[in-house]
Amino acid sequence: MENSSVFNHNQVVIKINQFFKGYLEGRFDSYSWPEILKLKDWPPSNLFEESLPRHGVEFIRCLPFKEYTHPHDGYLNLATKLPKISLKPDMGPKTYIAYGVAQELGRGDSVTKLHCDMSDAVNVLTHEHGVTLRPKLLRTIKILQMKHAEQDETEMRGSKQILNIMDENSEKTGNLGESVGKSSVKTSMSKKKGGNSSGKNKADTSDEAASVRDPEGGALWDIFRRQDVPKLEEYVRKHLKEFRHIYCNQLSQVVHPIHDQTVYLSMEHKRKLKEEYGIEPWTFVQKLGDAVFIPAGCPHQVRNLKPCIKVALDFVSPENVQECLRLTQEFRVLPQNHRAKEDKLE
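Residues numbered from 1 in each chain as written. Predicted model: local features only at pLDDT ≥ 70, side-chain atom pairs only at ≥ 80, totals over all residues. Heavy atoms only, no water.

Engineer: I'm lost on the overall build of the chain in this one. Help?
Structural biologist: Assigned secondary structure in the chain consists of eleven helices and eleven strands. A burial count over the chain gives 48% of its 346 residues as buried. Put simply, of all contacts in the chain between residues at least 6 apart along the chain, 79% involve residues at least 24 apart. (Helix = DSSP H or I, 4+ residues; strand = E, 2+ residues; numbered from the N terminus. Buried < 20%, exposed > 50% of the residue type's maximum accessible area, 1.4 Å probe, protein only. Contact = heavy atoms within 4.5 Å.)

So this is what it looks like as structure tokens:
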């Protein structure tokens, strides 16, 4: 059984019984840091109803607004109107099984990173399971978070030193140097104004833990409006070095700030986003049995507060078909091997 490790964002192989033992009891590395595993897009083909026929029937039966969401008979689901001879995309249902903890860890959180889908989607939380962390383990995690914060501060300080060197060198090159110098100073001042966001985010997580500690809550959602996308992209590019992805390394570049799916906005980043650009997402906790609708083209991210099982289904509503077509063209100009081009509407 192949899963993705959220901490390193890579694939790991694990036996099914070990995966679900970790789902029920929690799973930790040699440093007592939570190991967060995720099994997504299962089954890998469009055979959900064949692999799990009873579950498939029950899932479709519980769907709200079936005129939109029913994968076969939804008369407002334009995906059902495609000719039988056409190559149809896999619209689901798909299962997502992932670990999660209530605290915002800062590194290795059980998250679906910021992205947007080409079609509309409905996501139903079908199971959740609370894992209690012992006080001794919580103290260990807190210490590790402080060490992570120190590392982040050191790396950010190194980036600022590079900017200062560039600034000093640019002053010797006339007008061109003057413009580069102003840009460097502006970037440095912006980071000072926001404070050490990495340190605050990693080490001071008690406030958010208290705010989302709900025994009935399974996942924390953030959904942005379509009209906020330009400002959101600008924010990600501006604060690129503050995000981590594969093996928890700092991001060095992005092809597309949203479609790359390499960024998760922590509570501190959401605060800075509102302060600097005046935008914020709709933030809410998905509880057991809740169905979340995500309109096509709306950037969104999810963080599991508990180990959860979700089932998701894509559909195409008449209201958003133009947005689907627009996004189709946007995805087509991405590099050929870009992950966002996989399994999308043609």
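Engineer: What am I meant to see in helix H11 (residues 321–332) here?
Structural biologist: Since there are 3.6 residues in each turn of an α-helix, residues three or four apart along the chain are aligned in direction. Relative to the 16 Å expected for twelve residues at 1.5 Å per residue, H11 spans 17 Å between its end C-alpha atoms, a close match to the ideal helical length. Turning to H11, its buried residues are Glu323, Cys324, Leu327, Thr328 and Phe331. Along H11, the residues classed as buried sweep out an arc of 145° about the axis, all on the same side. (Expected span 1.5 Å × (residues − 1). Arc of directions from axis to C-beta.)

Engineer: What is the right way to read unusual backbone geometry from this model?
Structural biologist: The bulk of non-glycine residues show a negative phi, and the bulk of peptide bonds are trans. The residue after Gly92, namely Pro93, is reached through a cis peptide bond having omega 5°. Along the chain, the position of Pro93 falls in the loop between helix H4 (66–69) and strand S4 (94–98). Although it is not a glycine, Phe65 sits at a positive phi angle of roughly 50°. On the secondary structure map, Phe65 appears in the loop between helix H3 (53–62) and H4.

Engineer: Explain the environment of Leu82 to me, please; I cannot follow it from the model alone.
Structural biologist: Tracing the backbone shows Leu82 in the loop between H4 and S4. Taking the relative accessible area as the measure of exposure, Leu82 reaches 34% and is therefore partly exposed.

Engineer: Please clarify how the packing of helix H9 (residues 229–238) against helix H10 (residues 267–277) should be interpreted in this entry.
Structural biologist: When two helices pack together, their arrangement is given by the angle between the helix axes and the distance between those axes. Between H9 and H10, the shortest axis-to-axis distance is 11 Å and the interhelical angle comes to 115°. Regarding H9 and H10, the two cross each other, and that crossing is right-handed. Between H9 and H10, the contacting residues are Lys231, Leu232, Glu234, Tyr235 and Lys238 on the first element and His269, Lys272, Leu273, Glu276 and Tyr277 on the second. Its residues assigned to classes, the contact of H9 with H10 comprises four nonpolar, one polar and five charged. (Axes fitted to C-alpha atoms, helices over the stretch in contact; angles between N-to-C directions. Left-handed = near helix turned anticlockwise from the far one by under 90°. Nonpolar A, V, L, I, M, F, W, Y, C, P; charged D, E, K, R; others polar.)

Engineer: Explain the side chain of Asn123 to me, please; I cannot follow it from the model alone.
Structural biologist: Note that Asn123 resides in strand S6 (residues 120–128). Other than its neighbours up to four places away in sequence, Asn123 contacts Trp221, Gln286, Asp290, Ala291, Val292, Ile294, Lys310, Val311 and Ala312.

Engineer: Just to check I follow, could you spell out the sheet that holds strand S10 (residues 300–304) for this structure?
Structural biologist: What holds strands together in a sheet is hydrogen bonding between their backbones, with the strands either parallel or antiparallel. If you trace the four strands from one edge of the open sheet to the other, you get S5-S10-S7-S8, paired in antiparallel fashion. At either margin of the open sheet sits one strand with a lone partner, and together these are strand S5 (111–115) and strand S8 (282–287). Strand-to-strand twist in this sheet, taken as the mean axis angle between neighbours without regard to direction, amounts to 20°. In the sheet, S5 pairs with S10 via three bridges, with the strands oriented antiparallel. Along S10, the bridge assignment pairs His115 with His300. (Pairing = 2+ DSSP bridges.)

Engineer: What is the right way to read the nonpolar core from this model?
Structural biologist: Most often, soluble globular proteins keep nonpolar side chains buried together rather than apart. Leu232, Leu265 and Leu273 are the most contacted members of the largest nonpolar core, which totals 22 residues. Secondary structure elements with two or more residues in this core: H9, H10 and H11. Ranked by residue count, the leading element in this core is H9, at four residues. Not counting the four nearest positions on each side in its chain, Leu232 is found in contact with Leu114, Phe224, Ile258, Leu265, Leu273, Ile279 and Pro299. (Core = buried A, V, L, I, M, F, W, Y, C linked by side-chain atoms within 4.5 Å.)

Engineer: What am I meant to see in the side chain of Thr95 here?
Structural biologist: Here Thr95 shows up in strand S4. Classification of Thr95 by relative accessible area gives buried; the value is 7%. Not counting residues within four places of it along the chain, the set of residues in contact with Thr95 comprises Leu39, Lys40, Asp41, Trp42, Phe48, Ile309, Lys310 and Val311.

Engineer: In this structure, what is going on with the pairing of strand S9 (residues 291–294)? I would like to understand it.
Structural biologist: Looking along a regular strand, one sees side chains alternate from face to face of the sheet. Judged by which residues are buried, S9 turns out to be one-sided: Val292 and Ile294 face inward and are buried, whereas Ala291 and Phe293, on the alternate face, are not. Sheet topology places S6 next to S9; four bridges connect them, and they run antiparallel. For Asn123, the partnering residue across the bridge sits in S9 and is Val292.

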